[in-house]
Amino acid sequence: MSSRECCGPSFGTSVLEGVDQKSIRTIALVGPPNCGKTTLFNQLTGLNRKVANFPGVTVEHFTGYITLQDGERVALIDLPGIYSMHAKSEDERVTVDVLRGQMTGIEPPDAIVLVLDSTNLGRHLALAAPVISLGLPTLVLLNMADSLRARDGHIDVLSLARQLGTPVALVSAVSGEGLEAVDHFISSAMHQPQPTELPMLHDVRECRQWAERINVQSNYRKPLPPVWTRRLDAVYLHRLWGPLIFFLVVVAVFQTIFAAGQPLSKILQDALDYLGTAVSPHVHNALIRSLLIDGAWKGVSSVLVFLPQILLLFLLIGVLEDSGYLARAAVIADRTMSRFGLNGKAFIPLLSAYACAVPAIMATRTIENKRDRLATIMVAPFMTCSARLPVYTMVIAAFVPDARIAGVFFGSRALAMLGLYVIGFLAALFTARMLKSSILKSKDVPFLLELPPYRWPTLRSLGMRLLDRTKAFVWRAGTVILAVSLLLAILTNLPLHQGQPPAIQNSIAGRLGHSLVPVIAPLGFNWKIGVGLLTSLAAREVIVGTLGTLYGVDPQQHAMNLQQALHSDLSLGGAAALLIFFAFAMQCTSTLAVVRRETNSWKWPALQFTYMTVMAYGGAFIAKHLVDAIFR
Amino acid sequence: MIFRFASRAPSSKTRPPVRAAKHAGQRRPASGLPESAASAKANVADPSREIQLVPLCDLPQGVHAIIHEIQLPASAAEQVMLFGFMSGVEVVSGQCGPGGDPRVYRLDGTEVAIRRATAQHILVRIPSVQEQA
């Protein structure tokens, strides 16, 4: 997944055969944050880059290709949003560098498509001045035409085109309305813009006044305020109800993951088990059967069964992101964040870390202050990413009895899960506080967050997220987890004694695990968990696959399901220690790699890994002894 | 009872600016603003047109005001200006996070949340009743 999420595209890898690269024209998509550039990009290219209803989702350049009606293929570059041509943050710098032709590996663009939010032209049109003055052929798209009409706004497009000296079109990137203008523009003989006047570009005020004059001359009528957004905000940002609803939303997310996820997961488990037993008789060689079915398949399927929970999590996060609620949640949480020294802009990256730390660390590019950005990068892996979900669910389902708390609404297991998420969050806050009051001290910078109007999440966007996540998850299960499971199955069957596999404790895997016992015994872990901790260094959920394989191969635990087997291996204290260990430990090579790349040094990932491992070990030790003392 | 109620209720609409202006004075006693001079002059001409400068963060919810001055370092000032906080722009104070920080301000048809620490350096004036009419 990291390779898909992190890599900027390069022209060198273009798949166009027989076409001279110089002949491919490049069009850059530019505009303020959250005006719909990526939605437009997806519409035009048929790709599905992540979109959401808050500013700062796109933080890197990404190239896609479109075929025009006359058959010509052109490259379209999606860029992070900018408010001006003076880049303050890393993501803005990407855009400015690409536009100025200073980005290595990217040809300077031949033309620009400037996307502006038509419902917010008072502010957004000011960006047209510096973009037009670049002198490149420019098409101005006024996006969200449907909202403009619905809220009784108006703009005289022809007049605006005359003032700006560029073609202008009213479009809706979501519905596809008016997008043929892009094709027309690129196929036509493109001209340099010839605006009637341009302001002094370095003067923000003058740019605004220029935009205002042009708006007046183009008969721009501001749309009416979004009534529903006001009504909803009166509740969601209410002094009392706001935080309460925020809390209920969080609780509902966890309860849904458990209440709806478990049954779905059970169905998937039965199906996968059935598949295993159906194939088993057709594999005649006992050794190969043991390797493939009991080893590899048990390992892979024990991770695959968590797909429903993960998809539910992503669905709910998707609804919150696309509706615009997350921006409100950022307002509610900001006071807490600022107390711990976190930049206001850190909230959205940290929230996206609940899905995965890799895109979250990329998203910190929106934070202007370097030290604030570093602090956010350092704490992001403490947020409970979706790879921890299978581990948590497995241990909780094995050790926490399913009881109802507060009536039918909230279960004990969801509560345990919520507790783990809170622990991760508190560890992040604590670490941020420490960093910000020592090595990463910095002055406060203004925090400004534009609150987008609420929108209905589109089925397309939600569906794409789920599809994308399913692919990534199944891909991981089919590669890393399959490889580890297979390797482990082999290692549990070696060395052969007179053609027979050894007792599992005496196998290579067994000895490897046993060599870890002196270190992990104080945490209440046996050698099998030790092997799991070792393999989970690749990625957290690999431990689930590893245990699946080990229990599948071990004749004593073969007939048990994963949860029963786990019960026979761990005390309650050990289970608590395992959970705490996973809450704090930095077991993710993709995250370390992305931290190394974004901080441009090994110092930070090394510090992060050491700090988190020490904290995980210490925390697990305390948890074990505390729980054992209480429940004995 | 009745007296107390009556004495409070009518003044509640006109009081905030006055109270807030006091606040502004207390917080920045040595700011050397033109406000005192301006208001003194205005006072002579027409008491109802007195200019009362209030830090944006002290603007009560739902009250309209006009941004008068931004007292932030150049780079920070530019940043808030890009979001539309510029002198002469009308701003309305909106909802806020728990404890009143940060607060959402409506200006130019958009809503922007900013922290108190920033908003206290943006001075606004509340137009008099006649001006609003």
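Below is a summary of the structure that appears in this document.

Reading the values: rules and limits
Residues numbered from 1 in each chain as written. Chains lettered and ligands numbered in written order. Predicted model: local features only at pLDDT ≥ 70, side-chain atom pairs only at ≥ 80, totals over all residues. Heavy atoms only, no water. Helix = DSSP H or I, 4+ residues; strand = E, 2+ residues; numbered from the N terminus. Buried < 20%, exposed > 50% of the residue type's maximum accessible area, 1.4 Å probe, protein only. Contact = heavy atoms within 4.5 Å. Areas by Shrake-Rupley, 256 points an atom, 1.4 Å probe, with all protein chains shown as cover. Phe/Tyr/Trp six-rings, centres within 6.5 Å; stacked < 30°, edge-to-face > 60°. Core = buried A, V, L, I, M, F, W, Y, C linked by side-chain atoms within 4.5 Å. Buried area = accessible area lost by both parts, 1.4 Å probe. Salt bridge = Lys/Arg side-chain N within 4 Å of Asp/Glu carboxyl O. Polar contact = N/O pair within 3.5 Å; in protein donor to acceptor, adjacent residues only side chain to side chain. Nonpolar A, V, L, I, M, F, W, Y, C, P; charged D, E, K, R; others polar. Pairing = 2+ DSSP bridges. Axes fitted to C-alpha atoms, helices over the stretch in contact; angles between N-to-C directions.

### With respect to the overall build of chain B
Item 1. Looking only at helices and strands, one finds six helices and six strands in chain B.
Item 2. Counting helices and strands in the order they occur from the N terminus, chain B gives α-α-α-β-β-α-β-β-β-α-β-α.
Item 3. Here chain B, with 133 residues, has 47% of them falling under the buried criterion.
Item 4. Looking at chain B alone, contacts between residues at least 24 apart form 65% of all its contacts between residues at least 6 apart.
Item 5. For chain B, the computed accessible surface area is about 6,800 Å², with 58% contributed by carbon and sulfur atoms.

### Side note on the packing of aromatic side chains
Item 1. According to the stated counting rule, one finds ten aromatic pairs over all chains in the structure shown.
Item 2. For the pair Tyr83(A) and Phe83(B), a centre-to-centre distance of 4.7 Å together with 50 degrees between the ring planes defines the contact as tilted. Pair noted here: Tyr83(A) is in the loop between strand 3 (73–78) and helix 3 (90–99) and Phe83(B) is in the loop between helix 4 (74–82) and strand 3 (90–96), and the two residues belong to different chains. Across the pair, exposure class does not vary: Tyr83(A) and Phe83(B) are buried alike.
Item 3. With 6.5 Å between their ring centres and 75 degrees between their planes, Tyr392(A) and Tyr421(A) make a pair best called edge-to-face. Of this pair, Tyr392(A) sits in helix 19 (residues 388–399) while Tyr421(A) sits in helix 20 (residues 412–436); the two residues are 29 residues apart in sequence, bridging distant segments of the chain. In this pair, the class of Tyr392(A) matches that of Tyr421(A), namely buried.
Item 4. Three or more aromatic residues joined by ring pairs form one cluster here, namely Tyr236(A), Tyr325(A) and Tyr454(A).

### Points about helix 2 (residues 37–45) of chain A
Item 1. All buried positions along helix 2 of chain A are accounted for by Lys37(A), Thr38(A), Leu40(A), Phe41(A), Asn42(A) and Thr45(A).
Item 2. On its buried face, helix 2 of chain A sits against strand 1 (25–30), strand 2 (62–67), strand 3, strand 4 (111–117), strand 5 (138–143) and helix 21 (459–492) of chain A.

### A word on the nonpolar core
Residue and element names in this part refer to chain A.
Item 1. In terms of nonpolar packing, the biggest core is built from 122 residues, with Tyr392, Phe525, Leu533, Leu566 and Leu578 touching the most fellow members.
Item 2. Other than its neighbours up to four places away in sequence, Tyr392 contacts Thr384, Met417, Leu420, Tyr421, Leu579, Phe582 and Ala583.
Item 3. In this structure, Ala28, Leu116, Ala126 and Ala211 belong to the second largest nonpolar core, which totals 38 residues.

### Some details on the interface of chain A and chain B
Item 1. On the chain B side, the residues contacting the 34 residues of chain A number 32 residues.
Item 2. Both sides together, the interface formed by chain A and chain B hides about 3,300 Å², and carbon and sulfur atoms give 55% of it.
Item 3. Where chain A meets chain B, there are five salt bridges.
Item 4. Across the pair Asp108(B) and Arg208(A) runs a salt bridge, and its minimum N-O distance is 2.1 Å.
Item 5. For the interface between chain A and chain B, the tally reads nine residue pairs in polar contact (both at pLDDT 80 or more).
Item 6. Every element with two or more residues in the side of chain A that touches chain B is listed here: helix 4 (121–124), helix 9 (204–217), helix 10 (227–236), helix 15 (325–339) and strand 9 (448–451) of chain A.
Item 7. By residue number, the principal contributor to the side of chain A that touches chain B is helix 15 of chain A, which donates six residues.
Item 8. Here the residues of the side of chain A that touches chain B are counted per class, giving 13 nonpolar, eight polar and 13 charged.
Item 9. When strand 9 of chain A meets strand 5 (residues 110–114) of chain B, the two strands line up antiparallel, connected through four bridges.

### Examining the sheet that holds strand 6 (residues 168–170) of chain A
Residues and elements named next belong to chain A.
Item 1. In spatial order, the strands read 2-3-1-4-5-6; together these six strands make up an open sheet with mixed pairing. At either margin of the open sheet sits one strand with a lone partner, and together these are strand 2 and strand 6. Here the average twist between neighbouring strands, direction ignored, is 25 degrees.
Item 2. Two strands pair when backbone bridges link them, and strand 1 and strand 4 are joined in this way by four bridges, in the parallel orientation. Counterpart to Val30 in the pairing with strand 4 is Leu114.
Item 3. On top of the sheet, helix 7 (residues 157–164) reaches strand 5 and strand 6; it is set at about 150 degrees to strand 6, its chief contact.

### Examining the sheet that holds strand 3 of chain B
Item 1. As summarised here, the arrangement of the seven strands in space is 9(A)-5(B)-4(B)-3(B)-2(B)-6(B)-1(B), forming an open sheet in which the pairing is antiparallel. Either end of the sheet is taken by a strand with one partner, and the two such strands are strand 9 of chain A together with strand 1 (53–55) of chain B. Here the average twist between neighbouring strands, direction ignored, is 40 degrees.
Item 2. As judged from the three bridges shared by strand 3 of chain B and strand 4 (residues 103–107) of chain B, these two strands associate in the antiparallel manner. Bridge pairing links Cys96(B) to Arg103(B) in strand 4 of chain B.
Item 3. Helix 15 of chain A contacts strand 9 of chain A together with strand 3 and strand 5 of chain B of the sheet and is inclined by roughly 145 degrees relative to strand 9 of chain A.

### A word on the environment of Asp554(A)
Residues and elements named next belong to chain A.
Item 1. For Asp554, the location among the structural elements is in the loop between helix 24 (542–553) and helix 25 (562–569).
Item 2. For Asp554, a relative accessible area of 5% corresponds to the buried category.
Item 3. Between the alpha carbons of Asp554 and Arg476 there is a distance of 25 Å; along the sequence they are 78 residues apart.
Item 4. Those residues in contact with Asp554 that lie beyond four places of it in its chain are Ile504 and Lys528.

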